[in-house]
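Listed here are the chains, written in short residue letters.
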Amino acid sequence: MSMSIWRAGAAALALMGLVNGGQALAAGPCSPSPAHEAFDVQGLKSELMVTALSCGAQDKYNNFMTKFRPKLAAEEHVLNSYFNSTYGRNSQRQHDDYITQLANVQSERGLKSGTAFCQQRMSMFDEVQVLESSADLSNYAQAKDILQPASYLTCTAPNRPATSTRSRTTARRTVRS
């Protein structure tokens, strides 16, 4: 499979995650990723960065980064662990792709909002500034409508009874005989 086809497939999956993200969380035997909180915090951090760059609020962004540096570093460590365990040797590339896609979807939202974007998002800096703890930041990030490029779920295949494997094997042998 060529690299461009793979990237197109990855982009399509990311788009499906955007469109069906809420539905995917509710469907099937899947649960939110153990790194769910880290994804929420990373999404908030990216949203604030895009807002700062778009609206000339770099000082407010720097204040946020300074205030929550330990929490942000801890959540970055959780994300690194998630990508390492999920993607192995490709983890850094997948993590970088996620960060790029995150900034892109959030920037696109800003472009679509036009001049209203800054009016809608600048208040987030005041809201995060009054948060007192890392737990407050996590709760805030989870409660905000932060756009993500995809939903990150962990799913496990259902356990098959040992007898079903034998039956299927026996059936195949019978058909072939």
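This write-up is about the structure you can find in this document. (Residues numbered from 1 in each chain as written. Predicted model: local features only at pLDDT ≥ 70, side-chain atom pairs only at ≥ 80, totals over all residues. Heavy atoms only, no water.)

## Topic: the overall build of the chain
Turning to step 1, where the next piece is worked out: Across its full length, the chain carries nine helices and two strands.
Turning to step 2, where the next piece is worked out: When the helices and strands of the chain are read in sequence order from the N terminus, they spell out α-β-α-α-α-α-α-α-α-β-α.
Turning to step 3, where the next piece is worked out: The buried share among the 177 residues of the chain stands at 32%.
Turning to step 4, where the next piece is worked out: Sequence separation of 24 or more characterises 81% of the internal contacts of the chain that already satisfy a separation of 6 or more.
Turning to step 5, where the next piece is worked out: When the accessible surface of the chain is split by element, carbon and sulfur atoms take 55% of a total near 11,100 Å². (Helix = DSSP H or I, 4+ residues; strand = E, 2+ residues; numbered from the N terminus. Buried < 20%, exposed > 50% of the residue type's maximum accessible area, 1.4 Å probe, protein only. Contact = heavy atoms within 4.5 Å. Areas by Shrake-Rupley, 256 points an atom, 1.4 Å probe, with all protein chains shown as cover.)

## Side note on the packing of helix H2 (residues 36-55) against helix H3 (residues 58-67)
Turning to step 1, where the next piece is worked out: Across the interface, H2 lies against H3 with an axial gap of 8 Å and an inter-helix angle of 155°. In terms of their interaxial angle, H2 and H3 are classed as roughly antiparallel. Of the residues in H3, those touching H2 at Lys45, Leu48, Met49, Ala52 and Leu53 are Gln58, Tyr61, Phe64 and Met65.
Turning to step 2, where the next piece is worked out: Of the residues in the contact of H2 with H3, the class split is seven nonpolar, one polar and one charged. (Axes fitted to C-alpha atoms, helices over the stretch in contact; angles between N-to-C directions. Parallel < 35°, antiparallel > 145°, perpendicular 65-115°, else oblique. Nonpolar A, V, L, I, M, F, W, Y, C, P; charged D, E, K, R; others polar.)

## What to know about helix H8 (residues 134-143)
Turning to step 1, where the next piece is worked out: Of the positions making up H8, those classed as buried are Leu137, Ser138, Tyr140 and Ala141. Buried residues in H8, looked at end-on, bunch into an arc of 165°, giving them a common side. The exposed set on the far side of H8, more than 90 degrees from its buried face, consists of Asn139, Gln142 and Ala143. (Arc of directions from axis to C-beta.)

## Brief notes about the pattern of salt bridges
Turning to step 1, where the next piece is worked out: Counted under the stated rule, the structure contains five salt bridges.
Turning to step 2, where the next piece is worked out: A salt bridge links lysine 60 to aspartate 126, with the nearest nitrogen and oxygen atoms 3.8 Å apart. Placement of lysine 60 in helix H3 and of aspartate 126 in helix H7 (residues 123-129) is noted, with a sequence separation of 66 residues between them.
Turning to step 3, where the next piece is worked out: A relative accessible area of 47% means that aspartate 126 is categorised as partly exposed.
Turning to step 4, where the next piece is worked out: Between lysine 144 and glutamate 127 there is a salt bridge whose closest N-O contact spans 3.3 Å. Of this pair, lysine 144 sits in the loop between H8 and strand S2 (153-154) while glutamate 127 sits in helix H7; the two residues are 17 residues apart in sequence, bridging distant segments of the chain.
Turning to step 5, where the next piece is worked out: Judged by relative accessible area, lysine 144 falls into the partly exposed class, the value being 27%. (Salt bridge = Lys/Arg side-chain N within 4 Å of Asp/Glu carboxyl O.)

## Concerning the packing of H3 against helix H4 (residues 69-87)
Turning to step 1, where the next piece is worked out: Between H3 and H4, whose axes approach to 5 Å, the crossing angle comes to 75°. Between H3 and H4, the angle is such that the two are roughly perpendicular. When H3 is examined against H4, the residues Phe64, Met65, Thr66 and Lys67 are found in contact with a partner set consisting of Arg69, Pro70 and Leu72.
Turning to step 2, where the next piece is worked out: Across the contact of H3 with H4, the residue classes tally to four nonpolar, one polar and two charged.

## Quick look at the state of the cysteines
Turning to step 1, where the next piece is worked out: Throughout the structure, instances matching the rule amount to one disulfide.
Turning to step 2, where the next piece is worked out: Across a sulfur-sulfur distance of 2.0 Å, cysteine 55 and cysteine 118 are joined as a disulfide pair. Note on the cysteine 55 and cysteine 118 pair: the S-S dihedral is about -100°, so by sign convention the disulfide is left-handed. Taken as a pair, cysteine 55 in helix H2 and cysteine 118 in helix H6 (residues 116-121) lie far apart in primary sequence, 63 residues in all.
Turning to step 3, where the next piece is worked out: Given the relative accessible area of 25%, cysteine 118 is considered partly exposed. (Disulfide = S-S within 2.5 Å.)

These results come straight from atomic positions and should not be treated as a statement about function.
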